[in-house]
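# Residue-level structure breakdown
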2 protein chains.
Amino acid sequence: MKKTLLALGLGLALSVTAMAAQDFRLVIHGGAGNIVEGRFTPEEEKAYHEGLQAALKAGYDVLAKGGTSVDAVKAAINQMELNPIFNAGRGAVFTNEGKNELDASIMDGKDLTAGAVAGVTNVKHPINCADLVRTKSPHVMMVTQGAEKFCAQNGAEIVDPKWFFTQHRYDQLKKAQEKEQIVLDHDGAKKTSNAELYIDPLMYDYKYGTVGAVALDKHGNLAAATSTGGMTNKRFGRVGDSPIVGAGTYANNQTVAVSATGSGEMFIRTSAAHNVHTLYKYVSQDVQKAGDAAIKEVGEIGGSGGLIILDAKGNYAFPMNSKGMHRGTIGPDGKPMTAMYGTEKLRHYSSK
Amino acid sequence: MKKTLLALGLGLALSVTAMAAQDFRLVIHGGAGNIVEGRFTPEEEKAYHEGLQAALKAGYDVLAKGGTSVDAVKAAINQMELNPIFNAGRGAVFTNEGKNELDASIMDGKDLTAGAVAGVTNVKHPINCADLVRTKSPHVMMVTQGAEKFCAQNGAEIVDPKWFFTQHRYDQLKKAQEKEQIVLDHDGAKKTSNAELYIDPLMYDYKYGTVGAVALDKHGNLAAATSTGGMTNKRFGRVGDSPIVGAGTYANNQTVAVSATGSGEMFIRTSAAHNVHTLYKYVSQDVQKAGDAAIKEVGEIGGSGGLIILDAKGNYAFPMNSKGMHRGTIGPDGKPMTAMYGTEKLRHYSSK
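Everything quoted here is computed from the prediction, not taken from an experiment. (Residues numbered from 1 in each chain as written. Chains lettered and ligands numbered in written order. Predicted model: local features only at pLDDT ≥ 70, side-chain atom pairs only at ≥ 80, totals over all residues. Heavy atoms only, no water.)

## Comments concerning the relation of the copies chain B and chain A
Least-squares fitting of chain B to chain A yields an RMSD of 0.0 Å, with the transformation described by 0.0 Å of translation along the axis and a rotation of 180°. Here the transformation between the copies is reduced to the relation of a two-fold axis. (Least-squares fit on C-alpha atoms with pLDDT ≥ 70 in both.)

Below you can see the structure in the form of structure tokens.
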């Protein structure tokens, strides 16, 4: 009898564990593009995997303790904003004028509140600045100096713009300027009649790095966030999809949380992140199918890139039409799973 | 026999006329809000109807000659940008710093190309500036000084920022600042912990005026465009839905062209214009139903306003949850039909 009770007790415990296993989830990306085997040294591969692992662990720490999905995506993105290997925060690419202009957006799937900033130059963590817009103002989007002023007044960490300087990004700018070309931070170039805006498809090398995160917390709430440094050598205050709610970022507890990376213009023109939400809601109820359909629309107008998608049941997908995407996920087992090449399976990376 | 032929001939002619009657269409709005009978003097009503009529006729002239839907929406909006009664171009509301910061976006349903500008201060016709971004750059969105520089380099008409000054808007600013409140250019206020961003629901008076246009041309192509001066007393580089492709503006030949006006933040958070596109595509194939559903979602998060929607068959609708919306349409008969109050039927207005 004692044995039976013990067995019942164990059964209950196992069942709880099984439920807990679907309880929370974090999915991230660190940019999509021409990421193919043979391009990266083992040291570079290590840096990407470990950068993703650190971000996943930061978000896991929030979720495992019962924290919110909003706090988890912020924690994960803050890690990547600090890591110069990613084109977000420190390590952002340079504009034509030698500046770093940063964009970010965040959305809470619980109440559809959202915040976004574009063209900020002195906020250490642009995603936190976007979240201040979400929580401390009646607005969704603020740009340039106005956004900086608002975030400073509301407690965001302000840094000297030099904080964002990294030599390798500066070298990319100089190289781009020699060719007098804009370089996308992702695939999807388009010729233009404006010579100085011409984008050379061969310059795809210099793009990777927009970062994003989507999370489901123990309370069943979804959140999505995206942060980027934009395009090397960009001019004219160009804004891509990352700070556009509906294009680069979307979250709704009824459906999915989405973050995009790729040729921003085509993601805006197809409202890519919101498109996944509606495809999931009205067509497929399947994260992979909804994501593939949204990426197909991006591809039909010449764009490429990838999406991370997570639904309220914990299902997730990494649809892409680019060669690869830095990506990863972590759940209740606390084991960060990462990958970067298109066909590569998620694995628990170890350099040993 | 002669009579029969004549009858056949007439039948054919009538049939052709009937087809031609669906041949092209322009639908516009001049802002939504607390537009109720008794608030306006006959002179004010006249000014709104005649302002809408002038815009409709300008677009009609383009469409009747076989011009494109893109050129028609630009022509209609240019008229309204020149008319100080609307909060777009000349007549734009003032920011907290006493400036006029203008936003606009445009989209071509034929190829999904889109252009948008936010926070420009010296471009006479922001919608033309947005269209330059669409046609002369590989980008979709440019903001503030960068956008101004690009548009100037590409032939946009540049004016002294004083061009946008109108006494009545300046008085609105002073009145708002006395109360130290932001005033929405539309319904949908939201309290905030930031006292200086508090929006007084009683200040709804001062908002009307974002303008928009959607058109179907003789070639079967749809286009959509939106232009605005934003919010009186706005701070911190706030950007609303008007320059956000997918929120304030969307066009796709397969479905609909949409322009929004209302509480911009809630239109962004529901990707309102793109939402109509997907609701039409996946749910109803009906402009009114798709629009009502999209407005319902805006309302569910506390927003209000209206939409103009036109599909590729020439069907159109003006769904709204605000008290009224300045609105109108014109087709092959060349007769501008306008209305402003919620339940008011479209009519051929004459002050006589």
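And the narrative resumes.
## Focus on helix α4 (residues 126–136) of chain A
Judged by how many residues are buried, α4 of chain A sits mostly within the fold: eight of eleven residues are covered. All buried positions along α4 of chain A are accounted for by P126, I127, C129, A130, D131, L132, V133 and R134 of chain A. (Buried < 20%, exposed > 50% of the residue type's maximum accessible area, 1.4 Å probe, protein only. Helix = DSSP H or I, 4+ residues; strand = E, 2+ residues; numbered from the N terminus.)

## Some thoughts on the sheet that holds strand β3 (residues 114–120) of chain A
Read from one edge of the open sheet, nine strands run β13(A)-β12(A)-β1(A)-β5(A)-β6(A)-β2(A)-β3(A)-β4(A)-β7(B), paired in mixed fashion. Of all strands in the sheet, those bounded by a partner on one side alone are β13 (337–341) of chain A together with β7 (238–239) of chain B. The sheet contact formed by strand β1 (residues 25–33) of chain A and strand β5 (residues 211–216) of chain A spans five bridges and is antiparallel. Across the sheet, the residue bridging to L26 of chain A is A215 of chain A, located in β5 of chain A. (Pairing = 2+ DSSP bridges.)

## Observations concerning the nonpolar core
Grouped together as the largest cluster of nonpolar side chains are 90 residues, with contacts concentrated most on L307 of chain A together with L307 of chain B. The contact partners of L307 of chain A, leaving out residues within four places of it in the chain, are V258, S259, A260, F267, V276, G291, A294, I295, A317, F318, P319 and M325 of chain A. (Core = buried A, V, L, I, M, F, W, Y, C linked by side-chain atoms within 4.5 Å. Contact = heavy atoms within 4.5 Å.)

## Concerning the packing of helix α3 (residues 69–82) of chain B against helix α4 (residues 126–136) of chain B
Residues and elements named next belong to chain B. Where α3 contacts α4, the axes come no closer than 8 Å and their chain directions differ by 150°. Here α3 is positioned roughly antiparallel relative to α4, judged by the angle of their axes. For the pair formed by α3 and α4, the contact residues are V70, K74, I77, N78 and E81 on the first element and P126, I127, N128, D131 and R134 on the second. The residue makeup of the contact of α3 with α4, split by class, is four nonpolar, two polar and four charged. (Axes fitted to C-alpha atoms, helices over the stretch in contact; angles between N-to-C directions. Parallel < 35°, antiparallel > 145°, perpendicular 65-115°, else oblique. Nonpolar A, V, L, I, M, F, W, Y, C, P; charged D, E, K, R; others polar.)

## Considering the interface of chain B and chain A
Many authors give the size of an interface as the accessible area that is lost as the parts come together. If you look at the interface, chain B gives 55 residues, while chain A gives 53 residues. Summing both sides of the interface, chain B and chain A together bury roughly 4,300 Å²; the carbon and sulfur share of this comes to 59%. The largest share of the area that chain B buries against chain A comes from P138, F236 and R269 of chain B, three residues that together contribute 17% of it. Here chain B is connected to chain A by two salt bridges. Joining chain B to chain A, the criterion identifies 15 residue pairs in polar contact (both at pLDDT 80 or more). Listing elements by their share of the side of chain B that touches chain A, those giving two or more residues are α4, β4 (141–143), α5 (144–153), β7, α7 (264–269) and α8 (272–284) of chain B. Among the residues making up the side of chain B that touches chain A, the classes are represented as 24 nonpolar, 19 polar and twelve charged. Bridge count between strand β7 (residues 238–239) of chain A and β4 of chain B: two bridges; the pairing is antiparallel. Note on β4 of chain B: the bridge partner recorded for V239 of chain A is M141 of chain B. (Buried area = accessible area lost by both parts, 1.4 Å probe. Salt bridge = Lys/Arg side-chain N within 4 Å of Asp/Glu carboxyl O. Polar contact = N/O pair within 3.5 Å; in protein donor to acceptor, adjacent residues only side chain to side chain.)

Keep in mind that these numbers describe shape and distance, not what the molecule does.
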